[in-house]
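# Survey of secondary and tertiary structure
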Amino acid sequence: MPLHRTASIVVLTGAGISRESGLHTFRDADGIWATVRLEDVATPEAFARNPRRVQEFYNARRRGLLDPAVRPNAAHAALAELERRWGGGVLVVTQNIDDLHERAGSRNLIHMHGELLKAVCVRCRTVTEWRGDLSMEDVCPACARAGGLRPDVVWFGEMPYQMDRIGEALAGCDLFVSIGTSGNVYPAAGFVAEAGRYGAQTVELNLEPSAGATEFARSIHGLATAVVPAFVRSLLDGADI
């Protein structure tokens, strides 16, 4: 049955949508967590224990994101087009800390795990745009104190951003689509079940079945740059879900 153009859509994206833009995923055999322990760089305890190492890890990732070769791909562009053309509203909830959705044109967007190109002060909680390297010597532009700036990234053990807004969107959506996620990381891995409880249709678009693939009513597997634009075209053309 086609989805009515007034229907509400929530899209969850993970690292798989940015892989074809040249950014590493996390949990693949050649992913980020295969080369570094998350406990050493992606927890509040790691930052307290060795803040310079954590800063160096994210500085390298920030420089990688700003490499001119890293650009939004056809999957990012397709979601931006869906947002522009869909009457019922499209919310993209991304687990990614890159800015590729914004560069592609998405505007109704939640970065539930924060943003790599922002810094937050642990003392005054001010969030600042930040495109260069971060160090423990940097001074917060708001409180003028040094040593408190860290990447505005949600680490393991911390609460993702805007969970209340996400919960409301899942409860009210007619279609939930998950793109490029492993299905291993909560709370995002539980979104499909939450949306399904409220009656939403659920679709997974992924390179291969995720850990939660059986939760979805429909799964389409392949490269994000192929399956996402094709799925968006089908929605805009009024094809059956």
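Refer to the structure printed above.
Residues numbered from 1 in each chain as written. Predicted model: local features only at pLDDT ≥ 70, side-chain atom pairs only at ≥ 80, totals over all residues. Heavy atoms only, no water.

## Topic: the side chain of Asp-152
In this fold, Asp-152 is placed in strand S6 (residues 149-153). Buried Asp-152, no salt bridge; nearest opposite-charge side chain is Lys-118, N-O distance 5.7 Å. Those residues in contact with Asp-152 that lie beyond four places of it in its chain are His-113, Gly-114, Glu-115, Lys-118, Ala-119, Val-120, Val-127 and Tyr-161. (Helix = DSSP H or I, 4+ residues; strand = E, 2+ residues; numbered from the N terminus. Buried < 20%, exposed > 50% of the residue type's maximum accessible area, 1.4 Å probe, protein only. Lys, Arg positive; Asp, Glu negative; His and termini not counted. Salt bridge = Lys/Arg side-chain N within 4 Å of Asp/Glu carboxyl O. Contact = heavy atoms within 4.5 Å.)

## Details of the environment of Arg-49
For Arg-49, the location among the structural elements is in helix H2 (residues 44-49). Residue class for Arg-49 comes out exposed when judged on its relative accessible area of 55%. The contact partners of Arg-49, leaving out residues within four places of it in the chain, are Glu-39 and Asp-40. Among the polar contacts listed, one links the side chain of Arg-49 to the backbone oxygen of Glu-39, at a separation of 3.1 Å. (Polar contact = N/O pair within 3.5 Å; in protein donor to acceptor, adjacent residues only side chain to side chain.)

## With respect to the packing of helix H4 (residues 74-85) against helix H8 (residues 224-236)
Relative to each other, H4 and H8 sit at 15 degrees, their axes nearing to 8 Å. With respect to their mutual orientation, H4 and H8 come out roughly parallel. Along this stretch, H4 crosses H8, giving a crossing that reads as left-handed. Residue-level contacts link Ala-74, Ala-75, Ala-78, Leu-79, Glu-81, Leu-82 and Arg-85 of H4 to Ala-224, Thr-225, Val-228, Pro-229, Val-232, Leu-235 and Leu-236 of H8. Its residues assigned to classes, the contact of H4 with H8 shows eleven nonpolar, one polar and two charged. (Axes fitted to C-alpha atoms, helices over the stretch in contact; angles between N-to-C directions. Parallel < 35°, antiparallel > 145°, perpendicular 65-115°, else oblique. Left-handed = near helix turned anticlockwise from the far one by under 90°. Nonpolar A, V, L, I, M, F, W, Y, C, P; charged D, E, K, R; others polar.)

## Focus on the environment of Leu-205
Mapping Leu-205 onto the fold places it in strand S8 (residues 201-206). It is 29 Å that separates the C-alpha atoms of Leu-205 and Val-41, two residues lying 164 residues apart in sequence. Not counting residues within four places of it along the chain, the set of residues in contact with Leu-205 comprises Val-177, Ser-178, Ile-179, Gly-180, Ile-220, Val-227, Val-228 and Phe-231.

## Topic: the packing of aromatic side chains
For the coordinates displayed, the defined rule picks out four aromatic pairs. Aromatic pair Tyr-58 and Trp-155: ring centres 6.3 Å apart, planes at 40 degrees, arrangement tilted. With Tyr-58 in helix H3 (residues 51-65) and Trp-155 in the loop between S6 and helix H6 (163-172), the pair connects residues that are 97 residues apart, well separated along the chain. Assessed through its relative accessible area of 2%, Tyr-58 is described here as buried. The buried category is assigned to Trp-155, whose relative accessible area is 3%. For the pair Phe-176 and Phe-216, a centre-to-centre distance of 6.3 Å together with 15 degrees between the ring planes defines the contact as stacked. (Phe/Tyr/Trp six-rings, centres within 6.5 Å; stacked < 30°, edge-to-face > 60°.)

## Looking at the nonpolar core
Formed by 26 residues in total, the largest nonpolar core has its most connected members in Ile-9, Trp-86, Leu-205 and Val-228. Of all the elements in the fold, those that place two or more residues in this core are strand S1 (9-13), H4, strand S2 (90-94), strand S7 (175-179), S8 and H8. Per-element tally for this core: the top contributor is H8, with seven residues. If you look at the next biggest cluster of nonpolar residues, it comprises 18 residues, including Ala-42, Ala-46, Leu-117 and Met-136. (Core = buried A, V, L, I, M, F, W, Y, C linked by side-chain atoms within 4.5 Å.)

## Here we look at the pattern of salt bridges
For the structure shown, the criterion picks out nine salt bridges. Of the charged contacts in the structure, one is a salt bridge between Arg-53 and Asp-40, with a shortest N-O distance of 3.6 Å. One end of the pair, Arg-53, is in helix H3; the other, Asp-40, is in helix H1 (residues 38-41), with 13 residues separating them in the sequence. On the basis of relative accessible area, Arg-53 is assigned to the partly exposed category, the value being 36%. Judged by relative accessible area, Asp-40 falls into the buried class, the value being 15%. Measuring nitrogen to oxygen at the nearest pair gives 3.0 Å for the salt bridge that ties Arg-103 to Asp-99. Using a relative accessible area of 36% as the deciding quantity, one classes Arg-103 as partly exposed.

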